[in-house]
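# Observations on chain architecture
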Amino acid sequence: MFKRVFSKKKESVEEILNFLDYEPKLEIIKIGIHFGDRYIILADGRSSRPKKPTSYVINISKGVDEKEFAVRLASRAVRCRRQSGEDKLETFSDIKMPECFYSFFSSIYFMTWGKYEADSEIIAVIAERLYIDGISLDEISQMLLMNASEINERYLKKG
């Protein structure tokens, strides 16, 4: 019984990721990565930080207990995918952010590989919060493909 419940929760990450992804959708691969700390990794079969990912790899060694957290993880992966190519979106480091984001962004920026990964982390937190507040997954999927200034104006300036 425990395995069944645990497995179902992991499937929700896959379902949410599939829902939030955009066209053309990437293949979703599920494998156990016992030495990794990531829940979802972008892959192309050659690189750990691909410029043109061909799949999402869900680390089934990591458990996800809450749907809200699954939304956060999937949102981060989709935003990372969107920012991996040539035509990158505007990031939160490119705009004047709400005051409450400066210390948050500074600490994330310090702990990541740069502004695009930091932006993906911020977007993930925003997506999770919006989902908790009742925003639909459909609207979140659209938000993931917006420039930071649009997200700021539409979702953050409201309070």
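For the structure itself, consult the block above.
None of these values were measured; they are calculated from a predicted model. (Residues numbered from 1 in each chain as written. Predicted model: local features only at pLDDT ≥ 70, side-chain atom pairs only at ≥ 80, totals over all residues. Heavy atoms only, no water.)

## Here's the deal with the overall build of the protein
- Broken down by element type, the protein carries 6 helices and 3 strands.
- In sequence order, the secondary structure elements of the protein are arranged as α-β-β-β-α-α-α-α-α.
- The buried share of the protein, taken over its 159 residues, is 45%.
- A separation threshold of at least 6 residues defines the contact pool for the protein, and within that pool the share at least 24 residues apart is 68%.
- Summed over its atoms, the accessible surface of the protein is roughly 9,400 Å², and 53% of this surface lies on carbon and sulfur atoms. (Helix = DSSP H or I, 4+ residues; strand = E, 2+ residues; numbered from the N terminus. Buried < 20%, exposed > 50% of the residue type's maximum accessible area, 1.4 Å probe, protein only. Contact = heavy atoms within 4.5 Å. Areas by Shrake-Rupley, 256 points an atom, 1.4 Å probe, with all protein chains shown as cover.)

## Details of the packing of helix α2 (residues 67–84) against helix α4 (residues 115–132)
- Interaxial distance between α2 and α4 falls to 8 Å at its minimum, and their mutual angle equals 145°. For the pair α2 and α4, the crossing hand works out as right-handed. The residues of α4 that touch α2, namely those facing Lys67, Glu68, Phe69, Val71, Arg72, Ser75, Arg76, Arg79, Cys80 and Gln83, are Tyr116, Glu117, Asp119, Ser120, Glu121, Ile123, Ala124, Val125, Ala127, Glu128, Tyr131 and Ile132.
- The residue makeup of the contact of α2 with α4, split by class, is 10 nonpolar, 3 polar and 9 charged. (Axes fitted to C-alpha atoms, helices over the stretch in contact; angles between N-to-C directions. Left-handed = near helix turned anticlockwise from the far one by under 90°. Nonpolar A, V, L, I, M, F, W, Y, C, P; charged D, E, K, R; others polar.)

## Remarks on the pairing of strand β3 (residues 55–59)
- In terms of burial, β3 is a largely internal element, 5 of the 5 residues being buried.
- Burial of the side chains of β3 extends over both faces: Ser55, Val57 and Asn59 are buried on one face and Tyr56 and Ile58 on the other.
- As defined by bridge partners, strand β1 (residues 27–31) adjoins β3 across 5 bridges and the pair is classed as parallel. By the bridge assignment, isoleucine 28 is partnered in β3 with tyrosine 56. (Pairing = 2+ DSSP bridges.)

## Considering the packing of aromatic side chains
- In total, this model carries 1 aromatic pair according to the counting rule given.
- Here the aromatic rings of tyrosine 39 and phenylalanine 69 are separated by 5.4 Å at their centres, their planes lie at 85°, and the arrangement is edge-to-face. Of the two residues, tyrosine 39 is situated in the loop between β1 and β2 (40–43) and phenylalanine 69 in helix α2; the sequence distance between them amounts to 30 residues.
- By relative accessible area, which is 24% here, phenylalanine 69 ends up partly exposed.
- When the ring centre of tyrosine 39 is taken as origin, the NZ or CZ atom of lysine 62, which lies over that ring, is 5.2 Å away. (Phe/Tyr/Trp six-rings, centres within 6.5 Å; stacked < 30°, edge-to-face > 60°. Lys NZ or Arg CZ within 6 Å of the ring centre and 35° of its normal.)

## Considering the nonpolar core
- Ranked by internal contacts, the top residues of the largest apolar core, which has 36 residues, are Leu17, Tyr56, Phe92, Ile140 and Met143.
- For this core, the element with the most residues is α2, which contributes 7 residues.
- Apart from residues no more than four positions distant in its own chain, tyrosine 56 is found in contact with Leu17, Asp21, Leu26, Glu27, Ile28, Ile29, Ile40, Ile41, Leu42, Ala77, Val78 and Arg81. (Core = buried A, V, L, I, M, F, W, Y, C linked by side-chain atoms within 4.5 Å.)

## Comments concerning the pattern of salt bridges
- Tallied over the entire structure, the rule returns 11 salt bridges.
- Across the pair arginine 76 and glutamate 117 runs a salt bridge whose closest N-O atoms are separated by 2.9 Å. Of this pair, arginine 76 sits in helix α2 while glutamate 117 sits in helix α4, and the two are 41 residues apart along the sequence. Residues arginine 76 and glutamate 117 agree in their burial class; the two are buried.
- A salt bridge links arginine 82 to aspartate 87; the shortest N-O distance between them is 3.9 Å.
- By sharing partners, the salt bridges in this structure join Arg38, Arg76, Glu117 and Glu121 into a single network. (Salt bridge = Lys/Arg side-chain N within 4 Å of Asp/Glu carboxyl O.)

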